[in-house]
Amino acid sequence: MALYVQKFGGTSVGSVDRIKAVAEKVKGFRDQGHQVVVVVSAMSGETNRLTDMANALNDEPAPREMDMLLSTGEQVTISLLAMALQQIGVSATSHTGAQVGIHTDSAYTKARIQRIETDDLKSDLDEGKVVVVAGFQGVDEDGNITTLGRGGSDTTGVALAAALGADECQIYTDVDGVYTTDPRVCSKAQRLESITVEEMLELASLGSKVLQIRAVEFAGKYNVPLRVLSSFEEGPGTLIVAEADQDEDSMEEPLISGIAFTKNEAKLTLLNTPDVPGVASRILGPIADANIEVDMIVQNVAPAGDYTDFTFTVAKGDYKATKKLLEETVIPDLGGGELRGDDNIAKVSLVGVGMRSHAGVASKMFRVLADENVNIRMVSTSEIKISVVIDEKHMELAVNALHKAFGLDKSDIESE
């Protein structure tokens, strides 16, 4: 007998018929004698519907009230799924995040899990029940309902699996695994049999939407076996593994495991800033104080005592606020400077642990893009990742060209 935590996303529970199908899938595991905890999201479109209603009433709804509102979406799903399971003879009980003991901090709309109390949950499992838990939500120390941010149901699933010592956390979604890149952009994208936690963290942080990055962090930190599966078809999915779990006798890892991309970035450049110590802090400090995250940073080299250009990227949703902050606070503090911005950019990233043992990945990437007449605006690298900022209009061209150039079109792709 094994213990599985299974998470089903909004598309998987998007209608009564789909909820019935989820119930049958869960029943199959229960009939085999396994213990099952099911984490569900709100039905597809429900969170957007609730958000639209809030915005129709208030341009800037209070975060606490937004959490109170949005948490109701999952409450609908857990009760319906519990009813569907009971209808087919499976003993089941539903729990909100607060009822199951998911305690968070008080950062409304983006709370972080601090601890999980599992005694009641384990009692239900020992009684033979399937426990259905509302994803995406918890409760702070004052009893206020909190939410974990978009995609937070993945984090709920992995966190529960870690707290319970589950044999596997299975993330059911509308795709049948993790692909070398988004099949909607590159028709020759291939499903990976497995991928390392390290690679998945990079892909998630760089724009891949299969898993939320916090869920992958939990899986890596607590060594939770994590598998991405399809809700609508059978198959092995993609297993996310610790690097040490890979077969040491297998062939060397491929150079690149995946290509991530995002259009959700904007670039800002401060021209003619003083090239003296402390300027970077004076530029980025107020931005950090406004809780705006900066991604890539480039500062040009200038002769001593001269002026330089300072370029960085932020999320596209933070573009206007950042621009306003620079114009009203930073530039006056620096004594002048010219500001330029561009929110029509894309970031394309190559990810692969094989980069550690291979030279020339960056030069090959740059050559491929040059052959396609794609201009590179910014570059950022890490041990297993290379990212470039390009014009948004060239994104699909760049992804397809790089996918082919690095051998990811092959049908026998695996990350082992």
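Residues numbered from 1 in each chain as written. Predicted model: local features only at pLDDT ≥ 70, side-chain atom pairs only at ≥ 80, totals over all residues. Heavy atoms only, no water.

1. Thoughts on the overall build of the chain
For the chain, the helix and strand inventory stands at 12 helices and 20 strands. Relative to the 2.2 N^0.38 estimate, which gives 22 Å for 416 residues, the radius of gyration of the chain is 23 Å and therefore close to what a compact globule would have. Across its three principal directions, the C-alpha atoms of the chain cover 75 × 55 × 35 Å. Buried positions account for 50% of the 416 residues belonging to the chain. For the chain, long-range pairs separated by at least 24 residues make up 75% of all intrachain contacts whose partners lie at least 6 apart in sequence. Surface summary for the chain: the accessible area is close to 19,200 Å², and the carbon and sulfur share equals 46%. Charge-centre separation for the chain: the mean point of 38 positive side chains lies 4 Å from the mean point of 64 negative side chains. (Helix = DSSP H or I, 4+ residues; strand = E, 2+ residues; numbered from the N terminus. Rg over C-alpha atoms; globule rule 2.2 N^0.38 Å. Buried < 20%, exposed > 50% of the residue type's maximum accessible area, 1.4 Å probe, protein only. Contact = heavy atoms within 4.5 Å. Areas by Shrake-Rupley, 256 points an atom, 1.4 Å probe, with all protein chains shown as cover. Lys, Arg positive; Asp, Glu negative; His and termini not counted. Charge placed at Lys NZ, Arg CZ, Asp CG, Glu CD.)

2. Concerning the domain arrangement of the chain
According to the domain assignment, the chain consists of domain 1 (3-241) and domain 2 (252-406). Facing 18 residues of domain 1, the contacting portion of domain 2 comprises 21 residues. Note on domain 1 versus domain 2: buried area summed over both sides is about 1,600 Å², and carbon and sulfur give 59% of it. Interface area lost by domain 1 to domain 2 is led by Val-185, Glu-199 and Leu-206, which between them contribute 39%. For the pair domain 1 and domain 2, the number of links is 1 salt bridge. When the shortest N-O distance is used, the salt bridge between Glu-198 and Arg-356 registers 2.4 Å. Residue contributions to the side of domain 1 that touches domain 2 peak at 4 residues, all from helix 7 (residues 197-205). Tallied by class, the residues present in the side of domain 1 that touches domain 2 amount to 6 nonpolar, 6 polar and 6 charged. (Domains from an automatic or database assignment. Buried area = accessible area lost by both parts, 1.4 Å probe. Salt bridge = Lys/Arg side-chain N within 4 Å of Asp/Glu carboxyl O. Nonpolar A, V, L, I, M, F, W, Y, C, P; charged D, E, K, R; others polar.)

3. Re the packing of aromatic side chains
With the rule as written, the count across this model stands at 4 aromatic pairs. Arranged with centres 5.3 Å apart and planes meeting at 70°, the rings of Tyr-4 and Phe-29 form a pair that is edge-to-face. Of this pair, Tyr-4 sits in strand 1 (residues 3-8) while Phe-29 sits in helix 1 (residues 16-31), and the two are 25 residues apart along the sequence. You'll find Tyr-4 and Phe-29 in the same group, each marked buried. Aromatic pair Phe-8 and Tyr-172: ring centres 4.6 Å apart, planes at 10°, arrangement stacked. In this pair, Phe-8 is assigned in strand 1 and Tyr-172 in strand 9 (residues 168-173), connecting sequence segments 164 residues apart. Judged on exposure class, the residue Phe-8 and its partner Tyr-172 are both buried. One Lys or Arg, Lys-364, reaches over the ring of Phe-406 and ends 4.6 Å from the middle of that ring. (Phe/Tyr/Trp six-rings, centres within 6.5 Å; stacked < 30°, edge-to-face > 60°. Lys NZ or Arg CZ within 6 Å of the ring centre and 35° of its normal.)

4. Structural notes on the sheet that holds strand 13 (residues 258-262)
Read across the open sheet, the 4 strands follow the order 13-18-20-19; overall the sheet is antiparallel. If you trace the sheet from one side to the other, it starts and ends with strand 13 and strand 19 (378-382), each paired once. The sheet shows a mean angle of 20° between the axes of neighbouring strands, direction not considered. Relative to strand 20 (residues 385-391), strand 18 (residues 345-351) is paired through 7 bridges, and the arrangement is antiparallel. Residue pairing in the sheet places Val-348 in a bridge with Val-388 of strand 20. (Pairing = 2+ DSSP bridges. Axes fitted to C-alpha atoms, helices over the stretch in contact; angles between N-to-C directions.)

5. Some thoughts on a nonpolar patch on the surface
A cluster of nonpolar side chains, contributed by Val-76, Leu-80 and Met-83, occupies part of the molecular surface with about 240 Å² of accessible area. Here Leu-80 lies in helix 3 (residues 63-87). Residue Leu-80 is classed as partly exposed on the basis of its relative accessible area, which comes to 30%. (Patch = residues over 30% accessible without salt bridge, like charges linked within 9 Å, V, L, I, M, F, W, Y side chains within 5 Å.)

6. Quick word on the confidence of the model for the chain
In the predicted model, the chain carries a mean pLDDT of 91, and 94% of its residues have values of at least 70. In this model residues 244-252 is a low-confidence stretch, pLDDT under 50, and it forms 9 contacts with partners more than four residues away in sequence or in other chains. (pLDDT = per-residue confidence, 0-100.)

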